[in-house]
Amino acid sequence: MKKILDVRDVGMAYHTVSGEIPALSHISFSVEEGEFVSLVGPSGCGKSTLLNLIAGLLVPEQGSILIRGVPLEQSSLTIGYMLQKDHLFEWRTIYENVILGLEIQKKKTPEHLERVNRLLTEYGLKDFRDARPSQLSGGMRQRAALIRTLALDPSLLLLDEPFSALDYQTRLNVSDDIGAIIKKEKKTALLVTHDISEAISMSDRVIVLSKSPAVIRSVIPVFLEIPNRTPMASRNAPEFKTYFNRIWKELNDHE
């Protein structure tokens, strides 16, 4: 497989009136086409900062970020960013919400609109296209937010704790739904999460970060010997507990 993302020796600090606050230190990793990778680490260690750098919202003070071998600032590939909150606008219908990115980027082409209609139909929101966000459950809202992100056909998906606002049962169901959608759409994804179980159940690899300023403690490939792997089914795999204990130890041995 080819690398879609290459993070090379990235460092970042925030500058305040009281001084410099280091966030990331010498971060290097890559993500291959079609891979699902999770980032876990202590609160405040810089996970979201790293996603913001990859999204191009921040510029690293050190190192470089390449998209398919091209510097991020020169890449023409689309990167989708799904945040903790769905940020659906109540004054717009679900359909109007999911095409918002297309409107902003002036990409309301027949091809893109056909893609939106397909996604709404395949993922259970066709009958809610004229509904308002408040009429949908939390899980359905997150599905709509993902469809809005997928509408632009991004080459790389960045997911910043997209399930954290949901209750536990809904979170499990939605992670299963969204994991299936990402797999079916053959997307590459990078997930930030505090939930070790979520990281294991959804990922091909888990990258463990230290406390701030974050360095990479370990990179753990996840191999679960179960047929038709889904996030929910992964939690019942015999190897699941071993991975959980290993990541838990990595996170706590360095506290």
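Now for a quick tour of the structure. (Residues numbered from 1 in each chain as written. Predicted model: local features only at pLDDT ≥ 70, side-chain atom pairs only at ≥ 80, totals over all residues. Heavy atoms only, no water.)

### Things to note about the layout of surface pockets
In step 1: Roughly 630 Å³ of volume is contained in the largest pocket.
In step 2: Around the largest pocket, the lining is made up of 25 residues, and of these Ile79, Gly80, Tyr81, Gln105 and Leu152 lie nearest the centre.
In step 3: The set of elements that each furnish at least two residues to the lining of the largest pocket consists of strand 6 (79-82), helix 3 (100-104) and helix 5 (138-150).
In step 4: The biggest single contributor to the lining of the largest pocket is strand 6, with four residues.
In step 5: Of the residues belonging to the lining of the largest pocket, the class tally is 14 nonpolar, eight polar and three charged.
In step 6: Estimates place the volume of the second largest pocket at around 360 Å³.
In step 7: What lines the second largest pocket is a set of 16 residues, among which Phe36, Gly179, Lys183, Met202 and Asp204 lie closest to the centre.
In step 8: Here the lining of the second largest pocket takes four residues from helix 6 (residues 168-184), the largest share from any one element.
In step 9: Classifying every residue of the lining of the second largest pocket gives five nonpolar, six polar and five charged. (1 Å grid on protein atoms, 1.4 Å probe; cavity = no way out; pocket = protein on both sides within 12 Å on 5 of 7 lines; lining within 4 Å. Points joined across faces, edges and corners; volume = space filled by probe spheres on them. Helix = DSSP H or I, 4+ residues; strand = E, 2+ residues; numbered from the N terminus. Nonpolar A, V, L, I, M, F, W, Y, C, P; charged D, E, K, R; others polar.)

### A few points about helix 9 (residues 240-253)
In step 1: Taking 1.5 Å as the rise per residue, helix 9 with 14 residues should run 20 Å; its terminal C-alpha atoms sit 20 Å apart, in good agreement.
In step 2: Restricting attention to buried positions, one finds in helix 9 the residues Phe240, Tyr243, Ile247 and Leu251. Along the axis of helix 9, the buried positions cluster into a sector of 70°, meaning they face one direction only. The exposed residues of helix 9 that point more than 90 degrees off its buried face are Lys241, Thr242 and Lys249.
In step 3: Next to the buried residues of helix 9 lie strand 3 (36-40), helix 7 (196-202), strand 9 (205-209), strand 10 (216-221) and helix 8 (231-234). (Expected span 1.5 Å × (residues − 1). Buried < 20%, exposed > 50% of the residue type's maximum accessible area, 1.4 Å probe, protein only. Arc of directions from axis to C-beta. Contact = heavy atoms within 4.5 Å.)

### What to know about the nonpolar core
A general tendency of soluble globular proteins is for nonpolar side chains to be buried together.
In step 1: Ranked by size, the top nonpolar core spans 34 residues in total, and within it Val98 and Val116 carry the most contacts.
In step 2: Among the secondary structure elements, those contributing two or more residues to this core are helix 2 (94-98), helix 4 (110-122), helix 5, strand 7 (156-160), helix 6 and strand 8 (188-192).
In step 3: Apart from the residues within four sequence positions on either side, Val98 is in contact with Val116, Leu120, Ala144, Ile147, Arg148 and Ala151. (Core = buried A, V, L, I, M, F, W, Y, C linked by side-chain atoms within 4.5 Å.)

### Some words on the sheet that holds strand 4 (residues 62-67)
In step 1: With antiparallel pairing, the four strands of this open sheet are ordered in space as 2-1-4-5. Because the sheet does not close on itself, it has two edges, and the strands there are strand 2 (19-32) and strand 5 (70-71). (Pairing = 2+ DSSP bridges.)

### Quick notes on the environment of Gly19
In step 1: Tracing the backbone through its elements, the reader meets Gly19 in strand 2.
In step 2: By relative accessible area, Gly19 is classed as partly exposed at 27%.

### Regarding the packing of aromatic side chains
In step 1: For the coordinates displayed, the defined rule picks out two aromatic pairs.
In step 2: On the basis of an interplanar angle of 10° and a centroid distance of 6.3 Å, the ring pair of Phe244 and Trp248 is categorised as stacked. Placement of both Phe244 and Trp248 in helix 9 is noted, with a separation of four residues, approximately one turn of the helix.
In step 3: The class of Trp248 is partly exposed, set by a relative accessible area of 48%. (Phe/Tyr/Trp six-rings, centres within 6.5 Å; stacked < 30°, edge-to-face > 60°.)

### Quick word on the pattern of salt bridges
In step 1: One pass over the structure, following the stated rule, counts 12 salt bridges.
In step 2: The shortest N-O distance in the salt bridge between Arg205 and Glu35 comes to 2.7 Å. Residue Arg205 is located in strand 9, and its partner Glu35 is located in the loop between strand 2 and strand 3; the two are separated by 170 residues in the primary sequence.
In step 3: Taking relative accessible area as the criterion, Glu35 reaches 8% and is therefore assigned buried.
In step 4: Between Arg115 and Asp153 there is a salt bridge, with its nearest N and O atoms 3.4 Å apart. Here the residue Arg115 occupies a position in helix 4, and Asp153 occupies one in the loop between helix 5 and strand 7, the gap between them amounting to 38 residues.
In step 5: Residue class for Arg115 comes out buried when judged on its relative accessible area of 15%.
In step 6: Salt bridges here are not isolated pairs; linked through shared partners, they connect Arg115, Arg118, Glu122, Asp153, Lys184, Glu185 and Lys187. (Salt bridge = Lys/Arg side-chain N within 4 Å of Asp/Glu carboxyl O.)

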